[in-house]
Amino acid sequence: MNILVFTKRVPATQEEELRIIDEGQGIDFSKVPFKVNDWDNYAVEEAVQIAEKTGGSATAISIGDAESDEVLRRAIAMGIKDGFLIETEQILHDPNARATLIFNFLKKEGIPYDAIFTGVQSEDDQFAAVGGILAAKLGLPYASMIIGIDSLEQGHMIVQRELEGGLQERIKIILPCVLSIQSGINEPRYVSIMGIRKASKVERKLFKAKAYDENLNSMIEVVKWVYPPKKGGATILSGELEGVCKDLLGILKEKGVY
Amino acid sequence: MSYALVVAEVRRGVFEERNLDSIGICALMGKDVSLLVPDDNSYLINEKLVNTIIKVKLEEATFLNPLNMVKVVQAVIDYRGNPDTIVFTHSSSGTELASYVAGYFNLPLITDVSGFNKEKNFFYKSYYSDKLFGEFRQTGEGTCVITVRSGSFKEYAVEKASSPITETIEGTPAAEGRSFIEYVEEETAEIDITKAEFLLSVGRGVGNKDEIPDYEELAGMLKAVLSGSRPVIDKQWLPKPRQVGTSGKTVKPKVYLAMGISGAFQHIAGMKDSDCIIAVNKDPEAPIFQYAHFGIIADIHKVRDKLRNIIKG
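Notes on the structure in this doc start here. For every chain, the first residue of the written sequence is number 1, and numbering continues from 1 onward in sequence order. Chain letters and ligand numbers both follow the written order, the letters beginning at A and the numbers at 1. A pLDDT threshold of at least 70 governs which residues receive local features in this predicted model, and a stricter bar of 80 or more applies before side-chain atom pairs are shown or counted, although totals over entire chains, interfaces and linings include all residues. Note that the side-chain values use all heavy atoms of the structure and ignore hydrogens as well as water.

1. Some details on unusual backbone geometry
Argument step 1. That bond from A:Leu175 to A:Pro176 is cis: its omega, -5°, falls within 30 degrees of zero.
Argument step 2. With respect to the element layout, A:Pro176 can be found in the loop between β11 (168-174) and β12 (177-181).
Argument step 3. At B:Asn106, a position not held by glycine, the phi torsion is positive, near 55°.
Argument step 4. In this description a helix means any DSSP run of H or I spanning at least four residues, a strand means any run of E spanning at least two, and both kinds are numbered starting from the N terminus. Relative to the elements of secondary structure, B:Asn106 occurs in the loop between α4 (92-105) and β7 (109-117).
Argument step 5. Classification of B:Asn106 as partly exposed rests on a relative accessible area of 45%.
Argument step 6. Phi is positive for B:Asp130, which is not a glycine, with a value near 75°.
Argument step 7. Three labels apply to residues, based on accessible area from a 1.4 Å probe with only protein chains included: buried if under 20% of the type maximum, exposed if over 50%, partly exposed otherwise in between. For B:Asp130, a relative accessible area of 7% puts it in the buried group.

Here is the structure:
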């Protein structure tokens, strides 16, 4: 099976303070490190495992600036055969614009595939939408939140989708199809620095976004960035750690649980 | 007449409560609501919340399949004209359906909407796990597709006196590309975290699997039950029935002590109604501090070790 998997370079904002600049028109990323979108790691791992099991190959594709080459090298180090970078300096907030660019790229380059994987969402914009829009444009079946591929038959797959409250659903989906892969479906393999260095020697193919979509038009726009509204907020226990911990135990006693 | 089309989520015969958020945002936007539902169940809907109920002759699993949903939406458009907003919930099914509908009809899409500004006509959408929000709007005219965050607009879904018109439209033949087989229940738990009075919940901040036994020990010393957020369960550091959040369990203990959890909304949705929430995190900007009653800004391992020392005396 030939699988295309999308992987995105995103700012690692977990433990970073984000600063809005230019009167709400920009965000300062100058001190923020970047990494692979967490969900895409699971999608890449799943693609590699299927290619290993069934033969065929897995190809990673990223849209982004030249720096996104880093996520392709990482994917290759995980066992991906080819890495394609669709290069643009523009930040595409609109999932429609991303999906249209991918759609045009696949059509023009005539790249063969049996399945297309994306992560469920990206950590930065949390749209959870590119896979679905792309599937509809390609006229292919789509399923999201995939937490298990139970069987892979000639022409179809049986997959499990995650629903809410611990419930799952099992569905049959015909190939080719688009799936968005949920975290926890597998255990993404460890990638060593050596592995990434070795992957640097595998050629990555570079495509210019402008060749597939002249204007990269957006159907939506960000008017302004704002900080989240402060709700009541927590009473912060401060001081020496010893005292803070004693205060914490005091609260537990007061609530009658300790 | 302009109207908003709210696509309901019905799961195993239950009209999901998060549909109220979809109805609520329409009320806030001042739009007439047409509620689209599958017609194979006798679930309860508060009919006074909507102007029109459009029943589609389809089973719920067929209705919730994106390949069928685009045909259903087309049938509604043929019948009623274009809605100016199509509203889905921001859930497993809602995001799946919304993105497919937006792609199929080439419509603008804004997901995970948690606020709306009526004067300026923009949607408020989370970025970077709620560390920032963007004020979004569509650039052109015409129908916009949105998904709304659970718990954000429920309060606006207030009863109107009128009773709605009910219309029934024919279903479409089930799509061949994707078919429903069955629902699968989660494995049964050795401990039911929904029954615990005191949960000690750990998140990504725990760092690695080797630290888990020490938190288990602390939980034992505090007479708490150990639970976790999604990253901890994904990495299989704790079993799935211990997961707190939308895809895991919703809990309401007397005390919820969150250690190393930053507070993705999927997690918050599963624990925000706890009587007392105490959060420990080294990042003072972590969204969980907005929901916690008490907060400690510190390294969780140091807090854990200190607590153990104090308890041991």
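2. Description of the nonpolar core
All names here are of chain B.
Argument step 1. Ile25, Leu36 and Met69 are the most contacted members of the largest nonpolar core, which has 95 residues in total.
Argument step 2. Per-element tally for this core: the top contributor is helix α3 (residues 66-80), with seven residues.
Argument step 3. Residues count as neighbours in contact if any of their non-hydrogen atoms are within 4.5 Å of one another. Contacts of Ile25, omitting those with residues within four sequence positions, involve Val87, Val113, Phe116, Phe123, Ile146, Val148 and Phe153. Nine residue types can take part in a nonpolar core, namely buried Ala, Val, Leu, Ile, Met, Phe, Trp, Tyr and Cys, and a core is a set of them joined through side-chain atoms within 4.5 Å.

3. Description of the sheet that holds strand β9 (residues 142-153) of chain A
Argument step 1. Only strands joined by at least two bridges in the DSSP assignment are considered to pair. The ten strands are arranged β13(A)-β7(A)-β6(A)-β1(A)-β8(A)-β12(A)-β9(A)-β10(A)-β11(A)-β12(B) in an open sheet whose pairing can be described as mixed. Each edge of the sheet is formed by a strand with only one pairing partner; in this case those strands are β13 (204-208) of chain A together with β12 (178-184) of chain B. The sheet shows a mean angle of 30° between the axes of neighbouring strands, taken without regard to direction.
Argument step 2. In terms of strand pairing, strand β1 (residues 2-6) of chain A meets strand β6 (residues 57-64) of chain A through five bridges, oriented parallel. Bridge pairing links A:Phe6 to A:Ile61 in β6(A). Every angle, taken between N-to-C directions, lies between 0 and 180 degrees, and every axis is a line fitted to C-alpha atoms, over only the stretch in contact when it is a helix.

4. Side note on the pairing of β1(A)
Residue and element names in this part refer to chain A.
Argument step 1. Counting buried residues along β1, four of its five residues qualify, which places the element largely inside the surrounding structure.
Argument step 2. As paired elements, β1 and strand β8 (residues 115-119) share three bridges and run parallel to each other. For Ile3, the partnering residue across the bridge sits in β8 and is Ala115.

5. Some details on the interface of chain B and chain A
Argument step 1. Taken together, the contact pairs 90 residues of chain B with 85 residues of chain A.
Argument step 2. We define buried area as the total accessible area lost by two parts upon association, computed with a 1.4 Å probe and summed across both. Roughly 7,900 Å² of surface becomes buried between chain B and chain A when both sides are summed, with 58% attributable to carbon and sulfur atoms.
Argument step 3. When a carboxyl oxygen of Asp or Glu is within 4 Å of a side-chain nitrogen of Lys or Arg, the pair counts as a salt bridge. At the junction of chain B and chain A, the tally comes to eight salt bridges.
Argument step 4. A:Glu164 is the partner of B:Arg18 in a salt bridge, and the nearest nitrogen-oxygen pair spans 3.3 Å.
Argument step 5. N or O atoms within 3.5 Å of each other form a polar contact, as long as, within protein, one can give a hydrogen and the other can take it, and as long as residues adjacent in sequence are counted only when both atoms are side-chain atoms. On the surface where chain B and chain A come into contact, there are 42 residue pairs in polar contact (both at pLDDT 80 or more).
Argument step 6. Counting residues per element, the side of chain B that touches chain A draws most heavily on α4(B), which supplies nine residues.

6. Comments concerning the packing of aromatic side chains
Aromatic ring pairs are described here by two measures, namely the spacing of the ring centres and the angle between the planes.
Argument step 1. Stacked, edge-to-face and tilted labels apply to pairs of Phe, Tyr and Trp rings (six-membered ring for Trp) whose centres lie within 6.5 Å, assigned for plane angles under 30 degrees, over 60, and everything in between, in that order. As enumerated under the stated definition, the model contains 17 aromatic pairs over all chains in all.
Argument step 2. Seen in terms of ring centroids, A:Phe127 and B:Phe136 are 6.0 Å apart; in terms of plane orientation they differ by 85°. Their pairing is edge-to-face. Here the residue A:Phe127 occupies a position in the loop between β8 and α4 (130-138), and B:Phe136 occupies one in strand β9 (residues 132-138), the pair thus bridging two chains. Neither residue differs from the other here; A:Phe127 and B:Phe136 are each classed as buried.
Argument step 3. With a centroid separation of 4.7 Å and an interplanar angle of 70°, the aromatic rings of A:Trp225 and B:Tyr127 are classed as edge-to-face. Placement of the pair is A:Trp225 in strand β14 (residues 220-226) and B:Tyr127 in strand β8 (residues 122-127), with the two residues belonging to separate chains.

7. Quick look at the sheet that holds strand β16 (residues 276-281) of chain B
Argument step 1. Pairing within the open sheet is parallel, and its six strands lie in the order β15(A)-β17(B)-β16(B)-β15(B)-β13(B)-β14(B). Sheet topology places β15 (235-236) of chain A together with β14 (225-228) of chain B at the edges, where each strand pairs with a single neighbour.
Argument step 2. Judged from the four bridges that link them, strand β13 (residues 198-202) of chain B and β14(B) form a sheet pairing that is parallel. Residue pairing across strands places B:Leu200 opposite B:Leu226, the latter belonging to β14(B).
Argument step 3. Each of β13, β14 and β15 (255-259) of chain B is contacted by helix α5 (residues 212-222) of chain B, which is oriented at about 165° to β13(B), the strand it contacts most.
Argument step 4. Where helix α9 (residues 300-312) of chain B meets the sheet, its contacts fall on β15, β16 and β17 (294-297) of chain B, and the angle it forms with β15(B) comes to roughly 125°.

8. Notes on α3(B)
Residues and elements named next belong to chain B.
Argument step 1. In a regular helix each residue adds 1.5 Å, so 15 residues correspond to 21 Å; α3 covers 20 Å between its end C-alpha atoms and thus fits that length.
Argument step 2. Listing the buried residues of α3 in full gives Pro66, Leu67, Asn68, Met69, Val70, Val72, Val73, Val76 and Ile77.
Argument step 3. Just downstream of α3 lies Gly81, where phi reads positive at about 90°. Expected span of a helix, by definition, is 1.5 Å for each gap between consecutive residues, and there is one gap fewer than residues.

9. Focus on the state of the cysteines
Argument step 1. Working definition: a disulfide is two cysteine sulfur atoms within 2.5 Å of each other. On inspection of all chains with the given rule, the structure shows zero disulfides over all chains.
Argument step 2. Here A:Cys245 is not disulfide-linked; the sulfur of B:Cys276 is the nearest cysteine sulfur, at 15 Å.
Argument step 3. For A:Cys245, a relative accessible area of 0% puts it in the buried group.
Argument step 4. The structure places no disulfide on B:Cys144, whose sulfur is separated from the nearest cysteine sulfur, that of B:Cys26, by 12 Å.

Any link to function would need more than the numbers given here.
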